[in-house]
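Structural overview
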Amino acid sequence: MRTDTGQIVHLADYRPTDFVLERVDLTFELDPAATRIETRLIFHRRDGVDFGQALVLDGDELTLAELRLDQNELPAGQFDVTPESLTIRGLPESVPFEVTIITIINPEANTQLMGLYRTNGVYCTQCEAEGFRRITYFPDRPDVLAPYTITIIADKAANPVLLSNGNFLGGGNYDEGRHFAAWFDPFPKPSYLFALVAGDLGVVEDTFTTMSEREVTLKIYVEHGKEARAAYAMDALKRSMKWDEERFGREYDLDIFMIVAVSDFNMGAMENKGLNVFNDKYVLADPETATDQDYANIEAIIAHEYFHNWTGNRITCRDWFQLCLKEGLTVYRDHEFSADMRSRAVKRIAEVRHLKAEQFPEDAGPLAHPVRPTSYREINNFYTTTVYEKGSEVTRMIATLLGRDTFKAGMDLYFERHDGEAATVEDFVACFAEVSGRDLTQFSRWYHQAGTPMVTASGAYDAASQSFTLSLEQMVPATPGQSVKEPMHIPLSFALILDNGSIAEPASVSGGEVSGDVLHLTERKQDFTFTGIAARPVLSLNRSFSAPINLDFKQAPADLAHIARHDSDLFARWQALTDLALPNLIQAARDAREGRAISCDDALVTALLEAAADETLEPAFRAQALALPSESDIARELGGNNDPDAIHAGRQGIIALIAKAGSSVFETLFATMARNGAFTPDAAGAGRRALRNSALSYLAYAEGGAQRAADAFASSDNMTDMTQALTVLAHRFPDDALTHEALDTFLQRFSDNALVLDKWFTIQATIPGDAALARIKALMDHPQFVGTNPNRVRSLIGSFAFSNPTGFNRADGEGYRFLAQQILAIDPRNPQLAARILTSMRSWRSLESLRADLARSALVEIQRSPKLSADVGDIVERMLKG
Ligand code: TRP
Ligand code: ZN
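Residues numbered from 1 in each chain as written. Chains lettered and ligands numbered in written order. Predicted model: local features only at pLDDT ≥ 70, side-chain atom pairs only at ≥ 80, totals over all residues. Heavy atoms only, no water.

Points about the pattern of salt bridges
For the structure on display, the rule yields 69 salt bridges. Its salt-bridge partner being Arg-178, residue Asp-175 comes within 2.9 Å of it at the nearest N-O pair. Given the relative accessible area of 30%, Asp-175 is considered partly exposed. The partner of Glu-288 in a salt bridge is Arg-749, with the nearest N and O atoms 3.1 Å apart. Highlighted residues: Glu-288 in the loop between β21 (275-279) and α2 (292-307) and Arg-749 in helix α19 (residues 737-749), separated in sequence by 461 residues. Its relative accessible area of 44% is what places Arg-749 among the partly exposed residues. (Salt bridge = Lys/Arg side-chain N within 4 Å of Asp/Glu carboxyl O. Buried < 20%, exposed > 50% of the residue type's maximum accessible area, 1.4 Å probe, protein only. Helix = DSSP H or I, 4+ residues; strand = E, 2+ residues; numbered from the N terminus.)

Observations regarding the coordination of the zinc ion (ligand 2)
With distances of 1.9 to 2.1 Å, the protein atoms coordinating the zinc ion (ligand 2) are His-304 (NE2), His-308 (NE2) and Glu-327 (OE). Between the donor residues of the zinc ion (ligand 2), the gaps in sequence give the motif H-x3-H-x18-E. Across the pair, exposure class does not vary: His-304 and His-308 are buried alike. (Donors = N, O, S within 2.8 Å, 3.2 Å for Na, K, Ca; no water.)

Observations concerning the pairing of β21
The side chains of a regular strand alternate between both faces of the sheet. Among the 5 residues that make up β21, 5 are buried, leaving the element largely enclosed by the rest of the structure. Alternating residues of β21 divide into Leu-275, Val-277 and Asn-279 and Asn-276 and Phe-278, and every residue in both groups is buried. Bridge analysis of strand β19 (residues 256-262) against β21 gives 5 bridges, and the strand direction is parallel. Directly across from Val-260, in β21, lies its bridge partner Val-277. Where strand β20 (residues 269-270) lies against β21, 2 bridges are found, and the strand directions are antiparallel. Across the sheet, Met-270 pairs through a bridge with Val-277, a residue of β21. Taken together, β20 and the strand that follows it, β21, pair antiparallel across an intervening segment of 4 residues, in which Gly-274 is found at a positive phi of about 70°. (Pairing = 2+ DSSP bridges.)

Quick look at the nonpolar core
Among the nonpolar cores identified, the biggest contains 162 residues, and Phe-28, Phe-194, Val-283, Phe-428 and Leu-472 are the most heavily contacted of them. In this structure Phe-428 touches Leu-325, Leu-329, Thr-395, Ile-398, Met-411, Tyr-414 and Tyr-447, once residues within four positions along its chain are discounted. (Core = buried A, V, L, I, M, F, W, Y, C linked by side-chain atoms within 4.5 Å. Contact = heavy atoms within 4.5 Å.)

Let's talk about the sheet that holds strand β10 (residues 115-119)
With respect to topology, 4 strands assemble into an open sheet ordered β10-β11-β16-β13, the strand pairing being antiparallel. The open sheet has two edge strands with one neighbour each: β10 and β13 (161-164). Here the average twist between neighbouring strands, direction ignored, is 15°. Sheet analysis places β10 next to strand β11 (residues 122-126), joined by 5 bridges and oriented antiparallel. Within β11, the position partnered with Arg-118 by the bridge is Tyr-123. (Axes fitted to C-alpha atoms, helices over the stretch in contact; angles between N-to-C directions.)

Remarks on the sheet that holds strand β31 (residues 525-531)
Strand pairing in a sheet relies on backbone hydrogen bonds, with the paired strands running either antiparallel or parallel. Pairing in this open sheet of 5 strands is mixed, and the strands run β28-β31-β26-β25-β33 from one edge to the other. Edge positions in the sheet fall to β28 (508-510) and β33 (550-553), since each has one partner strand and no second. On average, each strand axis in the sheet is inclined to that of its neighbour by 20°, with strand direction left out of account. Relative to β31, β28 runs antiparallel, the two sharing 3 bridges. Bridging from a neighbouring strand, Val-509 pairs with Phe-530 of β31.

Focus: the packing of aromatic side chains
The final tally for this structure, using the stated rule, is 40 aromatic pairs. Seen from their ring centres, Phe-808 and Tyr-816 are 5.3 Å apart, and the 85° between their planes marks the pair as edge-to-face. We note that Phe-808, like Tyr-816, is buried. The aromatic ring of Tyr-123 is capped on one face by Arg-118, whose charged end is 4.6 Å from the ring centroid. It is Arg-692 that lies over the ring of Phe-670; its NZ or CZ is 3.9 Å from the centre. (Phe/Tyr/Trp six-rings, centres within 6.5 Å; stacked < 30°, edge-to-face > 60°. Lys NZ or Arg CZ within 6 Å of the ring centre and 35° of its normal.)

A word on unusual backbone geometry
Following Glu-128, the chain continues to Ala-129 via a peptide bond in cis, the omega torsion being -5°. Structurally, Ala-129 can be placed in the loop between β11 and β12 (146-155). Its identity as a non-glycine residue notwithstanding, Gln-466 has a phi of 50°, on the positive side. A relative accessible area of 34% means that Gln-466 is categorised as partly exposed. A positive phi angle, close to 55°, is found at Phe-545, a residue other than glycine. Relative to the helices and strands, Phe-545 is located in the loop between β32 (538-541) and β33.

Comments concerning the domain arrangement of the protein chain
When cut into domains, the protein chain gives domain 1 (9-200), domain 2 (316-448), domain 3 (454-546) and domain 4 (750-882). Here domain 3 and domain 4 have C-alpha centroids that lie 43 Å from each other. (Domains from an automatic or database assignment.)

What about the pairing of strand β4 (residues 55-58)?
Burial along β4 is one-sided: the face carrying Leu-55 and Leu-57 is buried and the face carrying Val-56 and Asp-58 is not. Relative to strand β8 (residues 85-88), β4 runs antiparallel, the two being bridged by 4 bridges. When the bridges of β8 are listed, Leu-57 appears paired with Leu-86.

Remarks on the side chain of Thr-289
Note that Thr-289 resides in the loop between β21 and α2. At 2.6 Å, the side chain of Thr-289 and the side chain of Asp-286 are in polar contact. Once you skip the residues sitting within four places of it in the chain, Thr-289 turns out to touch Arg-229, Asp-294, Met-719, Phe-750, Asn-753, Val-756 and Lys-759. (Polar contact = N/O pair within 3.5 Å; in protein donor to acceptor, adjacent residues only side chain to side chain.)

Rendered as structure tokens:
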């Protein structure tokens, strides 16, 4: 393990390498415990670099076996080597030179899952961000691009499949029992995109004909016996390839595109050139074992990694500060893809729910950082929801400001101008400024200023002048390292909705720029006046969530109900229902804390039930309408001094009231949304299941609720219905015999399916209440709990910490102490995983003071540990600072 060196990397220190890498030639002799790697690198000195300059290569836990310069062994005085670096002096002045390095590594002992490791007998690599240096000494940074030739030699019986990036060159038998394969990737790439996979795997094959009529071979590798479960991923891949051609004009470039599914993986998936490696959770699916959410995730992540081929691989990042250049942009592209494949409005609602649940808390807490940070201690910790999701929102705002066609022109220019390069955020933004003629300097603050802007709005209608004035004020909160903020350029989509539901067309607008239905808030305070408005309108603001802001707009319940009923933007209708619900949920939390009875506005109940029963709306939307803001949404809205028990009790109280008032609506929905015909995983089928299961969750509040959920569980014939019914049972009736019976049935039936068992652990890990901790501890002793598998650890410990607010935030602080122990236990094996789970405590300062003190003690306990990884050390330090 690389322990914390405390070294900070600064964007301002960027400079190009002294030596230019021309090509890379790697030969792997695979062995579980002693893999030998011969690395041949051809460099030349960059123009203008001093002759005396040494070549410095990165390493991580490496041992050097041999070193040659232009085929000659180097005398001891000409180089220095440590596990972390290799320095070579006395290099030729003006001609290219070849460095040959031999390293020996132990893939089996690699528990960090970075570099070359083994998972279920399969050799596999993960090199982003800095894993390549765990394979060989190398200039391991994203601005060093070269073509790679790879030779893999391995035992033939154990490893019939030998894969790497690029096109297949050839292969054959080697020596006793061994064979080899050679691959060549002609597209210059940085080391983080290198990949190698070897083992005994099953494969699903298909082809795709590109827009210029080239036939590309598609292969998805999975464990033997799981081939049928890769069919949906293959279909999603072909749709992604087609979509990127049609929407962005991007064609695939190699003869073959491969995906490998592995069961031990730190994140979702990795976009290695021509050889994506996936967490098998995002590849494998069939109706019996995958939920609708699983299908949607597979579609999105397959698309995401494929889209990286252009946004990330063909154009990569100059340095890791530019991470959002590939991640934010690629998330934007996968969002657009999913929106086109499914319902755009429902997709937008899901995106915003996710953004608010994950990114807003990050931006409001001690881990807040700009989309484009300026310093880091551990780059692994910057694969954040801010870089990904807020980065995507920033790209989306550029598209909103420029309009679809100009945005497309900017993307075309970006692809044309920077193909084959390692680019920066400035390069990207310059393309849009150029094609639009717009000055994007102020807009660029979205990349540089952390914190979610708060926009305060108020509207006034003047009947005499038939005008409507909208007063806006913006404020960007202080964040770590940034106390003073400048005003942002905020694009706000709006509509003035009249009594009959139609949208007013103003005769004129003054006070600032308005393009189409988007007004540009650019100053700290700005008033927009619309004339020619015949009667008092209802303002719908930030429609489709055109900007990732917090909006403080005190609208009357009647106005919100009007938007919920009439806005032509479905997202805005959902937003209005949320805005109606939140004050009720907040009041309910206060009432619960004070021991008062819980009540709920009729306007909310009426609006929710009306949306739920409205057959002109798609079922998936109606399900979203019925899903009240979560407990963490309420906590975020409260903003401080939070008591998770009160929030939970209040929310439960409101749900019970809605359940009672809407029982006949829910009965009808449960009956009419039942499936007739064959199961399909598409958006329409998923929407009906979502609405029916939402009805079930309300029906479980009535007399006989447990039996009802148990019956739904018993009669379910797909994983969505099954897990939804089991969740209702376990969460509402944790101690009921019916729950134990259903959990046992589920376990017996799926005991050989790891991905389904993850769900079994998660459902139990998220049962609310004080009993949760004992349940988690018992589950850790379950024979099926595999502490070395990241998915399993996340499904139990991660779910508890991230998604069980009452259980985790027990008033006695035992949840925090438990987490601290787990972090310290996971850290030595897998620092990335430990650091990620620890971020579940990022909002600890908004807890009420007793819990906050206990949370702080747990963090201090972690910090005091003598041997923290850089990953955990960095997170815990930032969480405690200030
Ligand atoms: N680049 C990958 C993606 O977003 C994610 C990634 C970064 C990753 N670092 C990783 C995946 C480490 C696994 C392990 O698509
Ligand atoms: Zn990505």
